[in-house]
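A structural walkthrough
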Amino acid sequence: MIKYLIQKEFLQIRRNAFLPRLIFLFPVMIMCVMPWVMNQEVKNIRISVVDLDRTTQSQRIVHSIGQSRYFVFNGQKPTYSEALADIEQSRSDIILEMRDGKALIAANAVNGTKGSIGAAYLSQLLQSSVRYAAMPSQPKQPAPPSVLSLYNKHLDYKVFMIPALLAIVMMLMCGFLPALNIVGEKETGTIEQINVTPVPKWAFILSKLIPYWLIALFIVTVCLLLSWAVYGITCQGPLWLVYVLAMLLALFFSSLGLIISNYSDTMQQAIFVMWFFVVCLLLLSGLFTPTRSMPDWSYATTYVNPMHYFIDAIRTVFVRGGDFSSIAHQVLALAAFAVVMGCWAVVSYKKNS
């Protein structure tokens, strides 16, 4: 019985002119485009310099700014007031004023991220250059501490983002497509043909879930191949753990999509409800920013957010090379969420016979 129901689901997907292309092209576009643009490095920071010292050291700093790949030299201004006018008119982001052997950094913090990171970049540039305030008579400064970057020694942001993008693709493909499945059959009227048959509810829901598990396997394989072929980034831990985590996340989101589809009357309603949950789960998962930087009340939500467990586990395996013992509690949490949601999907389906 389940065999023929699964065959029906694949026939419906194949007869749709859009879905097969979406299933193939969406992970390809995400993996090939997003790692280049979803980058938290701040570049093209426009900087105005007010050099009132006119010394060799100050000019050396100006030349270092012009050669940096992070800054765009906006020219030297005669006074601080003129440089501030450029910031007020959005022609500049940072002012560097050098006076009496001291350096003042004034950053436009309307965009707090750009202002803080840009000021940090400029501070590092000043420290790595000849010490501006140092005098030859002063004792030799101690050597700066050496930094060893573990797991991602080149600080390549793509290594950090590829597991996150895999989670996004899984969430969208295995969440939205099931959310539109049953409610789509309600709108077309084909669901009545199933309701008058003796097919059990569990068999019907299972036949809806299995195709999306297979789609999830295909998506994970494509994403891993693209990560290796395009970026040369491979999984550092056991590859089977990546598939286990992907299957558990696919079960959770496909079950969530079917639950929403069971309670929705129209496709528009299902899309909006699914979008609400997707945005909340995504932004509170630690995918882009560390969860420890959240307030205590919002950090408490991560304990009931399966995306948080998946992101933490997939980065442990993919980036840090962890084994099963490193992610055991995340796997158990994801399995518990998946089982609960799967049972809810069966119970929430109302079969009118």
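Anyway, here's the lowdown on the structure attached to this text. (Residues numbered from 1 in each chain as written. Predicted model: local features only at pLDDT ≥ 70, side-chain atom pairs only at ≥ 80, totals over all residues. Heavy atoms only, no water.)

1. Notes on the overall build of the chain
Within the chain, the regular secondary structure consists of 14 helices and four strands. At 27 Å, the chain has a C-alpha radius of gyration far larger than the 20 Å of a compact globule built from 353 residues. Taken along the three principal axes of its C-alpha coordinates, the chain extends 90 × 45 × 40 Å. Evaluated residue by residue, the chain yields a buried proportion of 44% over its 353 residues. Taking as baseline every contact in the chain between residues at least 6 positions apart, the subset at least 24 positions apart corresponds to 77%. Accessible surface, the chain: about 18,900 Å² in total, of which carbon and sulfur atoms supply 64%. Side-chain charges of the chain comprise 27 positive and 18 negative groups, with the mean position of each set lying 8 Å from the other. (Helix = DSSP H or I, 4+ residues; strand = E, 2+ residues; numbered from the N terminus. Rg over C-alpha atoms; globule rule 2.2 N^0.38 Å. Buried < 20%, exposed > 50% of the residue type's maximum accessible area, 1.4 Å probe, protein only. Contact = heavy atoms within 4.5 Å. Areas by Shrake-Rupley, 256 points an atom, 1.4 Å probe, with all protein chains shown as cover. Lys, Arg positive; Asp, Glu negative; His and termini not counted. Charge placed at Lys NZ, Arg CZ, Asp CG, Glu CD.)

2. A look at the packing of aromatic side chains
To describe a pair of aromatic rings, you give the distance between the ring centres and the angle between the ring planes. Applying the stated rule across the entire model yields nine aromatic pairs. With centroids separated by 4.5 Å and ring planes inclined at 35°, the aromatic side chains of Tyr70 and Tyr121 adopt a geometry described as tilted. Linking Tyr70 in the loop between helix H3 (56-67) and strand S2 (71-76) with Tyr121 in helix H5 (residues 112-128), this pair joins segments that are 51 residues apart in sequence. Each member of the pair, Tyr70 as well as Tyr121, is classed as buried. (Phe/Tyr/Trp six-rings, centres within 6.5 Å; stacked < 30°, edge-to-face > 60°.)

3. Some points on the sheet that holds S2
One open sheet holds the four strands; their spatial order is S2-S1-S3-S4, and the pairing between them is mixed. At either margin of the open sheet sits one strand with a lone partner, and together these are S2 and strand S4 (102-107). In this sheet, neighbouring strand axes are inclined to one another by 25° on average, regardless of whether the strands run parallel or antiparallel. With six bridges connecting them, strand S3 (residues 94-99) and S4 associate as antiparallel partners. Paired with Ile94 across the strands is Ala107, a residue of S4. (Pairing = 2+ DSSP bridges. Axes fitted to C-alpha atoms, helices over the stretch in contact; angles between N-to-C directions.)

4. Notes on unusual backbone geometry
Leaving glycine aside, a negative phi is the common case for residues, and trans is the common case for peptide bonds. Residue Arg54 is not a glycine yet carries a positive backbone phi of 60°. Given the relative accessible area of 58%, Arg54 is considered exposed. Despite not being glycine, Ser90 shows a phi value in the positive range, around 60°. Mapped onto the fold, Ser90 is located in the loop between helix H4 (80-88) and S3.

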